[in-house]
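# What the coordinates show
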Amino acid sequence: MNAPNRFELFVLDDGEKPVEVTEDTKIPNAATFKVVKQDHTLANMLRAQVLSMPQVLFAGYKVPHPLHPYFVLKIQTDGSITPQAILEQACTKLIATLSTLEAKFKREFSFKDAEGAVPEDPYGGTGQAWGTGKDYLDF
C-alpha cells in the first residue's frame, strides 16, 4: 500500500525541524512557511487567524500531496510587521482561543455532571420502545 505508517504522519524524525521559513524574493514582505507533520486542521486555523489581522494582505495554504504530511503557508504583510512576527502572534492568539474553548467546554461539562442523574435514553427520548404509542402513519 502507498500510505505511510501512521506514526510517520505526526512524529518528527531526529533533527527534523517542525517549521522551515523561506523569504520570498519576488513578492515584498512575504514569506513561505513549510510546517511538517501537520495537515489541513492546523493549516486552516492558522490561515484564518492570520487573515483576521489588519496588517496581512494575503494568507493562503496548500497541502501539496495527501501522502506527504506537511503544508505550505504563504503570508504577505503590509510591511509594518514581518510575516514571521505575524505567524507568532497568530499562534499565540490561536492557543489562547483554544484554551478558552477548552475551559468553556470543561465548565459546561461540569454543569452536566452536577445536575445529577443521566436519563435512561442518552438521545433524549421518552424511553418508549419502537412501535408503541402514536406513529405518523396512525390516522
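Scroll up a little and you will see the structure.
Figured I'd write up the structure that's included with this text. Because the structure is predicted, anything quoted here is derived from the model rather than measured.

Quick notes on the rules
Residues numbered from 1 in each chain as written. Predicted model: local features only at pLDDT ≥ 70, side-chain atom pairs only at ≥ 80, totals over all residues. Heavy atoms only, no water. Helix = DSSP H or I, 4+ residues; strand = E, 2+ residues; numbered from the N terminus. Buried < 20%, exposed > 50% of the residue type's maximum accessible area, 1.4 Å probe, protein only. Contact = heavy atoms within 4.5 Å. Expected span 1.5 Å × (residues − 1). Arc of directions from axis to C-beta. Phe/Tyr/Trp six-rings, centres within 6.5 Å; stacked < 30°, edge-to-face > 60°. Lys NZ or Arg CZ within 6 Å of the ring centre and 35° of its normal. Salt bridge = Lys/Arg side-chain N within 4 Å of Asp/Glu carboxyl O.

## As for the environment of Lys-34
Tracing the sequence through the fold places Lys-34 in strand β2 (residues 30-36). Residue Lys-34 is classed as partly exposed on the basis of its relative accessible area of 28%. Sequence-distant contacts of Lys-34, defined by excluding residues within four places in its chain, comprise Pro-18, Val-19, Glu-20, Tyr-70 and Phe-71.

## Re helix α1 (residues 40-51)
Helix length check: α1 (12 residues) gives 16 Å between terminal C-alpha atoms against 16 Å at 1.5 Å per residue, within 8%. Burial in α1 covers these residues: Ala-43, Leu-46, Gln-49 and Val-50. Taken end-on, α1 shows its buried residues confined to a sector of 135°, consistent with a single buried face.

## Some remarks on the packing of aromatic side chains
Note on aromatic pairs: each is described by the distance of the centres and the angle between the planes. Taken as a whole and judged by the stated rule, the model has 2 aromatic pairs. Taking 5.9 Å as the distance between ring centres and 20° as the angle between the ring planes, the aromatic pair formed by Phe-105 and Phe-109 counts as stacked. Pair noted here: Phe-105 and Phe-109 are both in helix α2 (residues 83-114), with a separation of 4 residues, about one helical turn. Judged by relative accessible area, Phe-105 falls into the exposed class, the value being 57%. It is Lys-34 that lies over the ring of Tyr-70; its NZ or CZ is 4.4 Å from the centre.

## Brief notes about the pattern of salt bridges
This model, assessed by the stated rule, comprises 3 salt bridges. A salt bridge links Glu-102 to Lys-106; the shortest N-O distance between them is 3.2 Å. Within this pair, Glu-102 and its partner Lys-106 are both found in helix α2, separated by 4 residues, close to a single helical turn. In this structure Lys-106 comes out as exposed when scored by relative accessible area, which is 52%. The salt bridge partner of Glu-108 is Arg-107, with a shortest N-O separation of 3.5 Å. Judged by relative accessible area, Arg-107 falls into the partly exposed class, the value being 44%.

## As for unusual backbone geometry
Although it is not a glycine, Asn-29 adopts a positive phi angle of roughly 55°. Counting through the fold element by element, Asn-29 comes out in the loop between β1 (19-23) and β2. Exposure remark for Asn-29: the relative accessible area of 38% places this residue in the partly exposed category. Even without a glycine there, the phi angle at Lys-37 is positive, about 60°. In this fold, Lys-37 is placed in the loop between β2 and α1. The exposure class of Lys-37 is buried, given its relative accessible area of 11%.

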